[in-house]
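Examining the three-dimensional arrangement
Listed below are the residues making up each chain.
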Amino acid sequence: MSQDTMQLALISKLANHGDWSTEWFQRTYKLLYSDEVNGEIQYHRKRWELTYIANAVLELGLCGKGKKGMVWAAGKEILISFFAGRGCSILASDMPPENADNQFWASSDQFAATKDDLYVERFLDKKSFDKLVSYR
């Protein structure tokens, strides 16, 4: 198995700078971020993680019409809208707002207090998002 075709065996993997230049990473990164960064890669650990996760889900055929997924501690992540945009039904949740630890989380602008906080327009229209994504 070459690095460029990377058929994942769902292994734990550290973020690796070399991955950014592989075909699998470039392909999946563009699916996630092309509208946001005009084709320029922004090197950040979080972007590597989300690209790796999206690539694994896509390669394993776990995302598509009729597929279902769950996301805990969702935060304001793009993968929920990304997967919904490919037809997946997603159940997402985040920390209850009354949780004492939530003060820090909420102040970081990463906390998803409502379902609308999970919506990323570039992946699907709002009507489709509302149909495919539920929040508890």
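Described in the following lines is the structure provided in the data block. (Residues numbered from 1 in each chain as written. Predicted model: local features only at pLDDT ≥ 70, side-chain atom pairs only at ≥ 80, totals over all residues. Heavy atoms only, no water.)

Bringing the pattern of salt bridges into the picture now. Using the criterion set out here, one finds eight salt bridges in the structure. As a salt-bridge pair, D130 and K126 come within 2.8 Å of each other at their nearest N and O atoms. Of this pair, D130 and K126 both sit in helix α5 (residues 126–132), separated by four residues, roughly a single helical turn. Relative accessible area serves as the criterion here: at 35%, D130 is assigned to the partly exposed category. In this structure K126 comes out as partly exposed when scored by relative accessible area, which is 30%. (Salt bridge = Lys/Arg side-chain N within 4 Å of Asp/Glu carboxyl O. Helix = DSSP H or I, 4+ residues; strand = E, 2+ residues; numbered from the N terminus. Buried < 20%, exposed > 50% of the residue type's maximum accessible area, 1.4 Å probe, protein only.)

Position of T28 relative to the elements: it lies in helix α1 (residues 23–37). In this structure T28 comes out as buried when scored by relative accessible area, which is 1%. A polar contact of 3.0 Å, which involves the side chain of T28, links it to the backbone oxygen of W24. (Polar contact = N/O pair within 3.5 Å; in protein donor to acceptor, adjacent residues only side chain to side chain.)

It is a general feature of regular strands that their side chains alternate between the two faces of the sheet. As paired elements, strand β1 (residues 68–71) and strand β2 (residues 89–92) share four bridges and run parallel to each other. Within β2, the residue paired with M70 across the bridge is L91. For the handedness criterion, the β-α-β arrangement of β1, helix α3 (residues 79–84) and β2 is classed as right-handed. (Pairing = 2+ DSSP bridges. Right-handed = clockwise from strand over helix to strand, strands pointing away.)

A few words on unusual backbone geometry. The phi dihedral of A73 is positive, around 50°, even though this residue is not glycine. With respect to the helices, strands and loops of the structure, A73 is situated in the loop between β1 and α3. For A73, a relative accessible area of 57% translates into the label exposed.

Looking now at the nonpolar core. Core analysis: the biggest nonpolar cluster contains 30 residues, and I80, F83 and L118 have the highest contact counts within it. Those elements giving two or more residues to this core turn out to be α1, α2 (45–59), α3, β2 and α5. In this structure L118 touches A74, G75, E77, I80, S81, A92, A112, F129, V133 and Y135, once residues within four positions along its chain are discounted. (Core = buried A, V, L, I, M, F, W, Y, C linked by side-chain atoms within 4.5 Å. Contact = heavy atoms within 4.5 Å.)

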